[in-house]
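# Reading the structure
Letter by letter, the chains look like this.
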Amino acid sequence: MSGGRIKKHHFVPKVLQKPFRSEGDHIWYACRGENGRFGDVEDRNIESTFRLRDLYTVLDNDDTLSDEVERSFYGHIDNYLGKIIPDLLAAFERNEVPTFSDKALESLQRVTYEMIKRTPDFTRSYDDLEIGREFIEDVLKALEAQPDAELQRKFTQVLSDEASLRKQGRSIRVKGMIRKSEKVSEAMKDLVVRWAVIEGKQSFVLSSLVAYRIGNGGPNGLSNPSVEIWMPIAPKYAVVLVRDPNNKIPLRVTEDRDHVRRVNEYAIRNSAFVASHSDRLLKSLVKHGGMLS
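Please read these numbers as outputs of a predicted model, since none were measured by experiment.

## A look at the pairing of strand β2 (residues 26-31)
As paired elements, β2 and strand β3 (residues 42-45) share 4 bridges and run antiparallel to each other. The partner of Trp 28 across the bridge, within β3, is Asp 43. Judged from the 4 bridges that link them, β2 and strand β13 (residues 273-276) form a sheet pairing that is antiparallel. Its bridge partner lying in β13, Trp 28 is registered against Ser 276.

In structure tokens:
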């Protein structure tokens, strides 16, 4: 095993892709182009799908590139998913409905939200170049009060180098992205697990959005009492986090064809990368995928 820095990072881990494979380690896959439209649906190996170079690369204190976030933070999450997803699918195969409570529920809530944040779809509105430039300009402004010629020369050089600014900006964004938010934890603590199950021919797709916040007529923020978070874990199963204070929603809900289509269309409309075990299904959806919302 190489001890070198990991340069290519999966934002949808392979363990989550595996249930959506067509055969072997292959999956049907499509990407949005620069024109905002999806390109051709391709037969790809999951080693190369939902993966980007240096997505989570940060700078160490000595400004060297580091894969610490990919290895330690997301590696831990991927290990969690690697253990829990096969267990969940095995439970359904035994006609059991998995349940979560206490610490297990808290872990699932946290991981689900981290999956939302880790994707390029979540961070596409951030500009690493502008983040880096603002940071360096703030550093130089602070040095005006306590001048240090060497540091001023160093950061002035960085300010004129777009590649260095992007690295700084990316590092700031990624480190901020993985910081735990007590506000989010508080907002999610009353979300419980329900299961959306498909019994017919329809299937969920897998998208780079991973987990979808659906507002049900309202905003999709966590403060909306009606918000739901959908995360498909296989073509026939999705974990759904909802608020159900009166325990009225069944633990297992069988999805009808029209609702599955709406959930898939929401995912396609808001994602830059999509995949499925079925090329026919994926071609049908991306054909009408439209521009990113």
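## Concerning the pattern of salt bridges
Summed over the entire model, instances satisfying the criterion amount to 22 salt bridges. Ionic pairing is found between Arg 51 and Glu 47, a salt bridge with its closest N-O pair at 3.6 Å. Under the relative-accessibility criterion, Arg 51 is labelled partly exposed at 28%. Residue Glu 47 is classed as partly exposed on the basis of its relative accessible area of 35%. For Lys 283, the salt bridge goes to Asp 279, with nearest N and O atoms at 3.9 Å. With Lys 283 and Asp 279 both in helix α10 (residues 279-287) and 4 residues apart, the pair spans about one turn of that helix.

## Section: unusual backbone geometry
For Asp 54, which is not a glycine, the phi torsion comes out positive at approximately 55 degrees. You can see Asp 54 is positioned in the loop between β4 (51-53) and β5 (58-59). The residue Val 210 is not glycine, and still its phi comes out positive at about 65 degrees. Along the chain, Val 210 falls in the loop between β8 (206-207) and β9 (212-214). With relative accessibility at 1%, the residue Val 210 sits in the buried group.

## A few points about the sheet that holds strand β7 (residues 192-197)
Strand order in the open sheet made by the 5 strands is β9-β10-β11-β7-β12, with mixed pairing throughout. One side of each edge strand has no neighbouring strand; the edge strands of this open sheet are β9 and β12 (252-254). Going from strand to strand, the sheet's axes swing by 30 degrees on average, the running direction of each strand aside. Looking at chain direction, β7 and strand β11 (residues 237-242) are connected through 6 bridges and run antiparallel. What sits directly across from Val 197, in β11, is Tyr 237. The sheet strands contacting helix α2 (residues 68-93) are β7, β10 (228-234) and β11, and the helix crosses β10 at an angle near 80 degrees.

## What to know about the sheet that holds β2
In sheet architecture, strand pairing relies on hydrogen bonds along the backbone and comes in two forms, parallel and antiparallel. The 4 strands lie next to each other as β3-β2-β13-β8, forming an open sheet whose pairing is antiparallel. The sheet is open, and its two edges are formed by β3 and β8, each paired on a single side.

## A look at the packing of helix α5 (residues 128-143) against helix α6 (residues 149-159)
It is the contact of α5 with α6, at a shortest axis distance of 10 Å, that shows an interaxial angle of 155 degrees. As far as their axial angle goes, α6 and α5 are roughly antiparallel. Classified by chirality, the crossing of α6 by α5 is left-handed. Two secondary-structure elements touch here, α5 through Arg 133, Ile 136, Glu 137, Val 139, Leu 140 and Leu 143 and α6 through Leu 151, Gln 152, Phe 155, Thr 156, Val 158 and Leu 159. Considered class by class, the residues forming the contact of α5 with α6 number 8 nonpolar, 2 polar and 2 charged.

## Focus: the packing of helix α9 (residues 257-269) against α10
Relative orientation of the contacting elements α9 and α10 amounts to 65 degrees, with a least axis distance of 10 Å. In this structure, α9 meets α10 at a crossing whose hand is right-handed. Seen from α9, the contacting residues are Arg 261, Asn 264, Glu 265 and Ile 268; seen from α10, they are Leu 281, Leu 282, Ser 284, Leu 285 and Val 286. In terms of residue class, the contact of α9 with α10 is made up of 5 nonpolar, 2 polar and 2 charged.

About the thresholds
Residues numbered from 1 in each chain as written. Predicted model: local features only at pLDDT ≥ 70, side-chain atom pairs only at ≥ 80, totals over all residues. Heavy atoms only, no water. Pairing = 2+ DSSP bridges. Helix = DSSP H or I, 4+ residues; strand = E, 2+ residues; numbered from the N terminus. Salt bridge = Lys/Arg side-chain N within 4 Å of Asp/Glu carboxyl O. Buried < 20%, exposed > 50% of the residue type's maximum accessible area, 1.4 Å probe, protein only. Axes fitted to C-alpha atoms, helices over the stretch in contact; angles between N-to-C directions. Contact = heavy atoms within 4.5 Å. Parallel < 35°, antiparallel > 145°, perpendicular 65-115°, else oblique. Left-handed = near helix turned anticlockwise from the far one by under 90°. Nonpolar A, V, L, I, M, F, W, Y, C, P; charged D, E, K, R; others polar.

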